[in-house]
Amino acid sequence: KAMTKRYQLKDLDCANCAAKMENAINKINGVNKATVSFMTQKLVIDAEDGRFQEIMKEVVRVCKKVEPDCTIQM
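Owing to the predicted nature of the structure, the values given are computational and were not obtained by experimental measurement.

(A) Seen up close, the pairing of strand β1 (residues 2–10). In this sheet, strand β3 (residues 42–48) lies alongside β1 in antiparallel orientation, the contact comprising 7 bridges. By the bridge assignment for β3, Met3 is matched with Ala47. Taken together, the 3 bridges between β1 and strand β4 (residues 71–73) define a ladder with antiparallel strand orientation. Following the sheet pairing, Leu9 is matched in β4 by Ile72.

Given below as structure tokens:
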């Protein structure tokens, strides 16, 4: 079973970083589809319901690696 959630991003500085984040998030095991929008500063993620918290921890780690100043508003 999958779950889709939307998150506001804070301090995402460039469209290139957003694309890098999106690519990295989509490679995480359990993620069905993720989109990172630089224009709206939003992350939309569709992932396995049962592992959602675990997946989100990995998403946060990946985002920090690409853009250390960016935070996901949960």
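(B) How the structure looks around helix α2 (residues 52–66). The end-to-end C-alpha distance of α2 is 21 Å, a good match for the 21 Å that 15 residues give at a rise of 1.5 Å each. Within α2, burial applies to Phe52, Ile55, Met56, Val59, Val62 and Cys63. Taken around the axis of α2, the buried residues stretch over an arc of 120 degrees, which confines them to a single face. Among the exposed residues of α2, those pointing more than 90 degrees away from its buried face are Gln53, Lys57 and Lys65. Among the structural elements, β1, α1 (15–26), β2 (31–37), β3 and β4 are those in contact with the buried residues of α2.

(C) Inspection of the side chain of Glu67 at higher detail. Among the structural elements, Glu67 can be located in the loop between α2 and β4. Residues within four places of Glu67 in sequence aside, it is in contact with Asp11, Leu12, Asp13, Cys14, Cys17 and Met21.

(D) Representation of the pairing of β3. Here β2 runs beside β3; their pairing, made up of 6 bridges, is antiparallel. Residue pairing across strands places Thr35 opposite Val44, the latter belonging to β3. Hairpin remark: β2 followed by β3, antiparallel, with 4 residues in the connecting loop; positive phi at Gln41, about 55 degrees.

(E) The arrangement of α1 in detail. Along its 12 residues, α1 runs 17 Å from first to last C-alpha, staying within 8% of the 16 Å computed at 1.5 Å per residue. Looking at α1, one finds that the buried residues are Cys17, Ala18, Met21 and Ile25. The buried residues of α1 occupy an angular sector of 100 degrees when the element is viewed end-on, so they sit on one face. Those residues of α1 hidden inside the fold are in contact with β2, β3 and α2.

(F) Main features of the environment of Thr40. On the secondary structure map, Thr40 appears in the loop between β2 and β3. Residues Thr40 and Leu9 lie 31 residues apart in sequence; the distance between their C-alpha atoms is 8.6 Å.

Rules used throughout
- Per chain, the residues get numbers from 1 upward, laid out in the order the sequence is written.
- Reporting of local features is limited, given that this is a predicted model, to residues whose pLDDT is at least 70; pairs of side-chain atoms are given and counted only at 80 or more, and all residues count toward the totals for whole chains, interfaces and linings.
- Side-chain metrics rest on all non-hydrogen atoms present in the structure, leaving aside hydrogens and water.
- When DSSP finds at least two bridges between two strands, those strands are taken to pair.
- Numbering goes from the N terminus for both helices and strands, where a helix is a DSSP run of H or I of at least four residues and a strand is a run of E of at least two.
- Expected helix span is given by 1.5 Å per residue-to-residue step, counting one fewer step than there are residues.
- Three labels apply to residues, based on accessible area from a 1.4 Å probe with only protein chains included: buried if under 20% of the type maximum, exposed if over 50%, partly exposed otherwise in between.
- Note: the arc covers the axis-to-C-beta directions of the helix.
- Residue contacts are counted whenever heavy atoms from the two residues lie within 4.5 Å of one another.

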